[in-house]
Amino acid sequence: MYLKFDYNNMMQEAIGKEGILPKEFDKNAAMIEAARKTVLDNRGKGWQEWCDLPFAPESEIDELISYCGAIGKKAESFVILGIGGSALGPLSVASALLHLHHNELPKEKRNAPKLYVEDNVDPERMASLLDVLDLKTAYFNVITKSGETSETLSQFLILYSALKKELGEEEAKKHIIVTTTIGKGTLYNVAQAEGFKIYGVGKGVGGRFSVLSPVGLVAFAALGLDVKAMLKGAAEAAKSAEERDVKKNPALLTAFLQVKAMENGKNISVLMPYADSLKFMADFYCQLWAESLGKAENLNGKTVHVGQTPAKALGVTDQHSQVQLYTEGPFDKVVTFLAVEDFRTTVVISDDKTVNACDFLKGHTLNELINAERKATEFALKKANRMNFTIYLPSVNEKTVGELLMYFMYQTAFAGAMLNIDTFNQPGVEEGKKATFAMLGRSGYEAKLEEVNAAVHKKDYII
Ligand code: PA5
């Protein structure tokens, strides 16, 4: 295990009655073990194929690294077209592991194509993308597990047409890699007909659990990241998720602490990385936690309306915007800090003798400052009796990021099992997708259109 978990400030010893008593572990031992067993017994089955991703056959990984690595060498830009689970995994990992101003670096320093993750259908964003791309050297990874998502299909149609116009049909085809479910869905059929390179997402790998499948790996290989090290890190988290002793199993432990916190009215879970490189990890976490745990019914069909609202914050930036609320507002939050022990660079605050002020800062490093500020926020939260815990990454690299991703996925699965809900469906999202199909006139959705029109076309209460 590369990561370290400090949950002192979740406990009553640290934060008084807002915290959890140690005896809760014994009191809930049967429930914790049942959740562990439910998740572990289903590894590789149903919607839990994601558990097997760190152990994918080496030959598959080698082929992917070789094909996508070669594309990455040719490409000036690598563009991901996808949304939700088909975008946030690649975005969070690439942001963690690439230079923080990757796209602005000169080519010889970048050593990889520029990366664009296009996860919206804002027309201005698409027009802006087309303004900066040189299509001759741009390669596209169209990612949609279902193969049906309107946003991704519309982006694909626009960019494939543009590519054909610029390069001609035969060459344009070579600039597209499709990641989708093999044998199913509109995109798969189109990809087959057009002859695009296709990578499959396992049937039992849901969008938000797919970052370690070709959904993420295609881009990581094209960007020259160490895919095998990432899977090794993920395997570490899979191993610690097996631990029967909850105190040695970070995913199980923190799932339990969060579920207990929810029972005590802490319905907001803030993820606050103290590192710009991990900023988008909070986006990944927010989707995973929200879409997996926000459910109307439990597995017995009882209406429960559970879920803990995830929120993202960035240290230290949000100390100056949100931390006031976290320390003095309602007792409704758990804050998870991501701490980096060793940054990839050290920046010294200059000891400028001509400036006769700020002596307390001079000679220190930004590394010291950011970590002091994290500890200071942790202290302020503890003093105000607010639940918080810290995940330490020794440094940000492929192994630690792989472990973090897999930890988050197991934590979510354990929490879902403790809440007795279906962690892996998303009926609320599907409803919106169907309504979009209906409003755009897709055949087969006529009844849905009537339902949507009846619900949204109201004259009252509009000014
Ligand atoms: O986690 C999920 O299942 C969703 O967020 C999907 O990833 C998102 O809706 C995109 O779906 P698809 O990959 O089918 O285009």
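Refer to the structure above for everything that follows.
Note on numbering: residues in each chain are counted from 1, in written sequence order. A pLDDT threshold of at least 70 governs which residues receive local features in this predicted model, and a stricter bar of 80 or more applies before side-chain atom pairs are shown or counted, although totals over entire chains, interfaces and linings include all residues. Each side-chain value is worked out from all heavy atoms of the structure, with water and hydrogens disregarded.

Throughout this document, a residue counts as near a molecule or strand when at least one of its heavy atoms sits within 4 Å of that molecule or strand. The environment of the ligand is formed by 14 residues, the closest being Ser86, Thr144, Ser146, Thr149 and Gln287. The definition of a polar contact used here is a pair of N or O atoms within 3.5 Å, where within protein one atom must be able to donate a hydrogen and the other to accept one, and adjacent residues in sequence count solely through side-chain atom pairs. Between the ligand and Lys145, the relevant distance is 2.8 Å, taken from an oxygen atom to a main-chain nitrogen or oxygen of the residue. Residue exposure ignores everything except the shown protein chains as possible cover, and the areas themselves are Shrake-Rupley values with a 1.4 Å probe. Burial of the ligand by the protein amounts to 92% of the accessible area it has alone, namely 380 Å².

Another point: the side chain of Thr180. Secondary-structure assignment places Thr180 in strand E5 (residues 176–180). The class for Thr180 is buried, based on a relative accessible area of 0%. We call two residues in contact when some of their heavy atoms are within 4.5 Å. Those residues within four positions of Thr180 in sequence are excluded, and the remaining contacts are Thr144, Lys145, Ser146, Gly147, Leu187, Tyr188, Ile198, Tyr199, Gly200 and Val201. By definition, any uninterrupted DSSP run of H or I lasting at least four residues is a helix, any uninterrupted run of E lasting at least two residues is a strand, and each is numbered from the N terminus. Here's how the labels work: a residue is buried when its accessible area is under 20% of the maximum for its type, exposed when over 50%, partly exposed in between, all with a 1.4 Å probe on protein chains only.

In this structure, Trp50, Leu212, Met409 and Tyr410 are the most contacted members of the largest nonpolar core, which totals 102 residues. Top element by residues in this core is helix H17 (residues 398–418). It accounts for twelve residues. Discounting chain neighbours no more than four positions away, the residues touching Tyr410 are Val39, Leu40, Arg43, Trp50, Cys51, Ala237, Ala238, Ala241 and Ala251. Residues belong to a common nonpolar core when they are buried Ala, Val, Leu, Ile, Met, Phe, Trp, Tyr or Cys residues joined through side-chain atoms within 4.5 Å.

Running from N to C, helix H14 (residues 281–293) and H17 point in directions that differ by 20°, and their axes come no closer than 10 Å. By the angle class used here, H14 and H17 are roughly parallel. Considering the relative orientation of H14 and H17, their crossing is right-handed. The segment H14 lies against H17, with Met281, Phe284, Tyr285, Leu288, Trp289, Ser292 and Leu293 engaging Val401, Leu404, Leu405, Phe408, Met409, Gln411, Thr412, Ala415 and Gly416. When residues are sorted by character, Ala, Val, Leu, Ile, Met, Phe, Trp, Tyr, Cys and Pro go into the nonpolar class, Asp, Glu, Lys and Arg into the charged class, and all the rest, Gly among them, into the polar class. Looking at side-chain class alone, the contact of H14 with H17 contains twelve nonpolar, four polar and no charged residues. To define axes, lines are fitted to C-alpha atoms, for helices over the stretch in contact only, and angles between the resulting N-to-C directions are given on a 0 to 180 degree scale. Any angle between 65 and 115 degrees counts as roughly perpendicular, while under 35 counts as roughly parallel, over 145 as roughly antiparallel, and the rest as oblique. In a left-handed crossing the near helix is turned counterclockwise from the far helix by less than a right angle, and in a right-handed crossing that turn is clockwise.

Moving on: H14. A helix is expected to span 1.5 Å multiplied by its residue count minus one. The end-to-end C-alpha distance of H14 is 18 Å, a good match for the 18 Å that 13 residues give at a rise of 1.5 Å each. Most of H14 sits out of view: eleven of its 13 residues are buried. Among the residues making up H14, those that are buried are Met281, Ala282, Asp283, Phe284, Tyr285, Cys286, Gln287, Leu288, Trp289, Ser292 and Leu293.

Take the pairing of E5 next. Across the five residues that make up E5, a large majority, five, are buried. Burial along E5 is two-sided: the residues Ile176, Val178 and Thr180 and Ile177 and Thr179 are all buried. In this structure, strand E4 (residues 138–143) lies alongside E5, joined through four bridges in parallel fashion. By the bridge assignment, Phe140 is partnered in E5 with Ile176. As paired elements, E5 and strand E6 (residues 197–200) share four bridges and run parallel to each other. Only strands that DSSP links by at least two bridges are regarded as paired with each other.

Attention now goes to the environment of Ala29. Tracing the chain through its elements places Ala29 in helix H3 (residues 29–41). Taking the C-alpha atoms as reference, Ala29 lies 9.7 Å from Asp245; in sequence the two are 216 residues apart.

With that out of the way, let us pick up the packing of aromatic side chains. Here a pair means two rings of Phe, Tyr or Trp (six-membered ring of Trp) with centres within 6.5 Å. Their orientation is stacked below 30 degrees between planes, edge-to-face above 60, and tilted elsewhere. Tallied over the full model, the rule gives 16 aromatic pairs. Arranged with centres 5.8 Å apart and planes meeting at 35°, the rings of Tyr410 and Phe414 form a pair that is tilted. With Tyr410 and Phe414 both in helix H17, this residue pair falls four residues apart, about one helical turn. When sorted by exposure, Tyr410 lands in the same class as Phe414, which is buried. An aromatic cluster is defined as three or more aromatic residues linked by ring pairs; in this entry it consists of Phe5, Tyr285, Trp289, Tyr407 and Phe408. Each ring is checked for a lysine NZ or an arginine CZ that lies within 6 Å of its centre and within 35 degrees of its normal; such an atom marks a charge sitting over the ring. A cation over an aromatic ring shows up here: Arg386 above the ring of Phe331, its NZ or CZ 3.6 Å from the ring centre. If you follow Arg442 out to its NZ or CZ, it ends over the ring of Phe437, 4.5 Å from the centre.

Any Lys or Arg side-chain nitrogen located within 4 Å of an Asp or Glu carboxyl oxygen qualifies as a salt bridge. Here the structure, examined in full by the defined rule, presents 30 salt bridges. The shortest N-O distance in the salt bridge between Glu33 and Arg244 comes to 3.8 Å. In this pair, Glu33 sits in helix H3 while Arg244 sits in the loop between helix H12 (227–240) and helix H13 (250–263), placing the two residues 211 residues apart along the sequence. A residue is classified by how much of its surface remains accessible, and Glu33, at 15% relative accessible area, is buried. Between Lys228 and Asp62 there is a salt bridge, with its nearest N and O atoms 2.7 Å apart. Residue Lys228 is located in helix H12, and its partner Asp62 is located in helix H4 (residues 58–74); the two are separated by 166 residues in the primary sequence. Assessed through its relative accessible area of 33%, Asp62 is described here as partly exposed. One connected set of salt bridges, linked through shared partners, spans Glu24, Lys27, Lys260 and Glu263.

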